[in-house]
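# Overview (structure and organization)
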Amino acid sequence: MSPRIIQIAANTFREAVRDRVLYNLIAFALLLSGAAIFVGQISIDIERLVVVDLGLTAVSLFGVVIAIFIGIGLVSKEIEKRTLYTVLSRPVRRWEFIVGKFFGLAGTLVVNTFFMAIGVFGALFYVAHKFSKPDALILVALYFIVLEFLIICSLALLFSSFSSPLLSAVFAFSLFVIGSFAEDLRGFAGLAHGVTRWFATAAAYLVPNFSALNVISAAAHEQPLSSQLILHNTLYALFYTAMALSGAVLIFERRNLK
Amino acid sequence: MAAIEILGLEKTYMVGFWRKRPKRALQPLHLTVEEGEIFGFLGPNGAGKTTTLKMLMGLVFPTSGTARILGHEWTDPEIKAQIGFLPEQPYFYDYLTAHELLDYYGQLSGVPAKDRKRRVEEVLQRVGLTDIQGVQLRKFSKGMLQRAGIAQAILHNPKLVFFDEPMSGLDPLGRREVRDLMEQLKQEGKTVFFSTHILSDAEALCDRVAIIYKGELRGVGAVEDLTSTVQGKVEVVWQGTQIPASMKALGAECHVTGDTVRAVLAENQQDAAIDALRREHIRLIAITPLRTSLEAYFVEKLQPSQAASAGKTVGTAV
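What this report covers is the structure whose coordinates are included nearby.

Cut-off values and rules
- Within each chain, residue numbers correspond to sequence positions counted from 1 in written order.
- A letter from A marks each chain and a number from 1 marks each ligand, given out in the order of writing.
- Two thresholds apply to this predicted model, a pLDDT of at least 70 for residue-level local features and 80 or more for giving and counting side-chain atom pairs, whereas whole-chain, interface and lining totals are computed over all residues.
- The side-chain quantities take in all heavy atoms of the structure and omit both hydrogens and water.
- Throughout, nonpolar core names a set of buried Ala, Val, Leu, Ile, Met, Phe, Trp, Tyr and Cys residues whose side chains join them through atoms within 4.5 Å.
- Accessibility here uses a 1.4 Å probe with only protein chains present; expressed as a share of the type maximum, an area under 20% marks a residue as buried, one over 50% as exposed, and anything in between as partly exposed.
- A run of H or I in DSSP becomes a helix once it reaches four residues, and a run of E becomes a strand once it reaches two; helices and strands are each numbered from the N terminus.
- By the convention used here, residues are in contact when the closest approach between their heavy atoms is within 4.5 Å.
- Buried area counts how much accessible surface, traced with a 1.4 Å probe, disappears from two parts once they are put together, with both parts' losses summed.
- By definition, a salt bridge exists where a carboxyl oxygen of Asp or Glu is found within 4 Å of a side-chain nitrogen of Lys or Arg.
- Each polar contact in these results corresponds to two N or O atoms within 3.5 Å; when the atoms are within protein, one needs to be able to donate a hydrogen and the other to accept it, and residues that are neighboring in sequence are counted only if both atoms are side-chain atoms.
- Charged means Asp, Glu, Lys or Arg here, nonpolar means Ala, Val, Leu, Ile, Met, Phe, Trp, Tyr, Cys or Pro, and polar covers whatever is left, Gly included.
- Paired strands, in this sense, are two strands between which DSSP finds at least two bridges.
- Lines fitted to the C-alpha atoms define the axes, with helices restricted to the stretch that makes contact. Angles between their N-to-C directions range from 0 to 180 degrees.

So, about the nonpolar core. Formed by 162 residues in total, the largest nonpolar core has its most connected members in L56, F162 and F163 of chain B. Per element, the largest residue contribution to this core is 18 residues, and it comes from helix α7 (residues 136-160) of chain A. Leaving out residues up to four positions away in the same chain, F162 of chain B has contacts with I4, L53, L56, M57, I69, I83, G84, F85, L86 and F193 of chain B. If you look at the next biggest cluster of nonpolar residues, it comprises 13 residues, including W238, A273, L277 and I282 of chain B.

For interface size, the figure often reported is the accessible area lost on association. Listed per partner, the contact involves 31 residues of chain B and 28 residues of chain A. A combined buried area of about 3000 Å² lies between chain B and chain A, and 52% of that area is made up of carbon and sulfur atoms. Where chain B touches chain A, the interface holds three salt bridges. A salt bridge links R138 of chain B to D19 of chain A; the nearest nitrogen and oxygen atoms lie 3.9 Å apart. On inspection of chain B and its partner chain A, the count reaches 16 residue pairs in polar contact (both at pLDDT 80 or more). Elements that contribute at least two residues to the side of chain B that touches chain A include exactly β1 (2-15) and α2 (98-108) of chain B. Here the element with the most residues in the side of chain B that touches chain A is α2 of chain B; it accounts for five residues. Tallied by class, residues from the side of chain B that touches chain A come to 17 nonpolar, seven polar and seven charged.

Residues and elements named next belong to chain B. Evaluation of the coordinates by the stated rule reveals 27 salt bridges over all chains. A salt bridge links K49 to E165; its shortest N-O distance comes to 3.9 Å. Highlighted residues: K49 in helix α1 (residues 49-56) and E165 in the loop between β7 (160-164) and α5 (172-187), separated in sequence by 116 residues. No difference in accessibility class separates K49 from E165, as the two residues are buried. The closest approach of N and O atoms between E188 and R126, which form a salt bridge, is 2.5 Å. Placement of the pair is E188 in the loop between α5 and β8 (191-196) and R126 in helix α3 (residues 113-126), with a sequence separation of 62 residues.

Residue and element names in this part refer to chain B. Strand order in the open sheet formed by six strands is β6-β7-β8-β3-β9-β10, and the pairing between neighbours is mixed. The open sheet has two free edges, formed respectively by β6 (83-86) and β10 (216-222), since each of these has just one partner strand. Recorded for the sheet is a direction-independent mean angle of 15 degrees between the axes of neighbouring strands. The pairing of β6 with β7 spans four bridges and is classified as parallel. Paired with F85 across the strands is F162, a residue of β7. Against the sheet, α1 contacts β3 (38-42), β6, β7, β8 and β9 (208-213), and its axis sits at roughly 145 degrees relative to β7.

Before going further, it helps to spend a moment on the environment of H193 of chain A. Topologically, H193 of chain A is positioned in the loop between α9 (182-191) and α10 (194-206). Along the primary structure H193 of chain A and W95 of chain A are separated by 98 residues, whereas in three dimensions their C-alpha atoms are 42 Å apart.

Looking now at α2 of chain B. Of all eleven residues in α2 of chain B, eight are buried; the element is thus mostly enclosed. Within the sequence span of α2 of chain B, burial applies to A98, H99, L101, L102, Y104, Y105, G106 and L108 of chain B. Lining the buried residues of α2 of chain B we find α1 (3-18) and α5 (85-88) of chain A together with α3 and α4 (142-154) of chain B. Positive backbone phi, approximately 80 degrees, marks G110 of chain B, located one or two places after α2 of chain B.

Residues and elements named next belong to chain B. Pairing of β1 with strand β4 (residues 64-69), which is carried by five bridges, proceeds in the antiparallel orientation. Within β4, the residue paired with I6 across the bridge is A67. The pairing of β4 with strand β5 (residues 72-73) spans two bridges and is classified as antiparallel. Its bridge partner being in β5, I69 is matched across the sheet by H72. Two successive antiparallel strands, β4 and β5, enclose a turn made up of two residues, where L70 displays a positive phi of approximately 50 degrees.

Fair warning: the whole summary comes from geometry, so function is off the table for now.
What follows is the structure in structure tokens.
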């Protein structure tokens, strides 16, 4: 990887840290501690299920919000504030800038998720007093959540490369919501006829399939996850991310920075 | 070898709701800047100076035309390691300190790690930014940001430096320091290309200037040539506030400033003026031939109908 990509990524990460993005961890810790104590008091035999379900859902939602709100400003804010001028007037290719920004935001989310994961396992230990073998499924669920973040980061960057932050946020949130019901959309496409079927099928395969990456319920219910699913989801997320990033690069390479 | 060769760069934006109405920001521009000179790119606000600079930096794509920088195609990213650029009214990552910012830019420009810290200290000192350790840029004044901008432009010891309105936001002392810095850069053999609408800065600094107006190049020349035309008049300066009647009789236009009087009169009246001052026992300070100012040349190069309006936007501060 080009050293310039690493430097841009490191600066993006530093910006997130200095803008106190990681402060969300405090809210997350408070939510999870409260939930663990509360669940411990009212649930019988399902403490683990509730804590895992709630904890992983919170990890996902916190991360999605951060990915979208930082991602949508990654390029447009740099253009608006003209900070980009002194970067691109150096030997930095435009694609390196986009890729560096992506890795910086992805890195921020991975670090954020790491600390949240510690919180989830802490809460789990608080209610269950021990770890068991099925808890490893939580790690798989967390890995899929990180894959989900990669896709959202790349989509937010794609929108940020040509649109205003507000519109980018609307597009990214819409895709997140639709993508979360991608399996349902595919099911609907299978039942539809004619032009509707054609459109529904196209939409179902175009939007990111976040429902395939959501194994929170399976992890909570200790249902096994196949290694084939892990491989498929990894390849799918990497392919989708690469496509969205390529789109962002293609648009940004042609953009006049007025 | 020419430092910059602009070969017909042109920019037309499509404007309007459907982006169908063309608006020409820059007409085909042909310009050559030699190595080692300070070149002034002059024009009123909105003339096309910044558009030209942005095209040379690869921030805006030309509609047509090309350019060569230091003998290379201007689209070659590697050539940018030898270029410094200060944008107009620069804004930087305000969560960084000046040291962090320059370190980051040094990395992007390929300054070796072992030299970076020393270079950062050197340039900060050079632009007069001292005692700012640990202060984030969001706490910098406009003038300090401008200095940080100049520092980042010269950090990597570039051969060619582009400054877009470098005096903007600086106080008189700061402007003087930047002028000195630009002269030092020239002495170091670097080429300086700077845009400004402050003609006195250009007159004091530049070897050559180009005048651009409404996206069209109106004139190029050496400052010395443009301002050496003697107008057949002389300026006589003497001490005091007294204006002898005999001076007025010679047709002198007199202006009292503080305790000196400046009079402009025909060159052939010069000896008579000196005699008149002697008779009154007035102390003569200077007699100099009146030359065309850059401002006069600038105004002449603008369309007559626009000259008046340009006067409002073109500063002449010293």
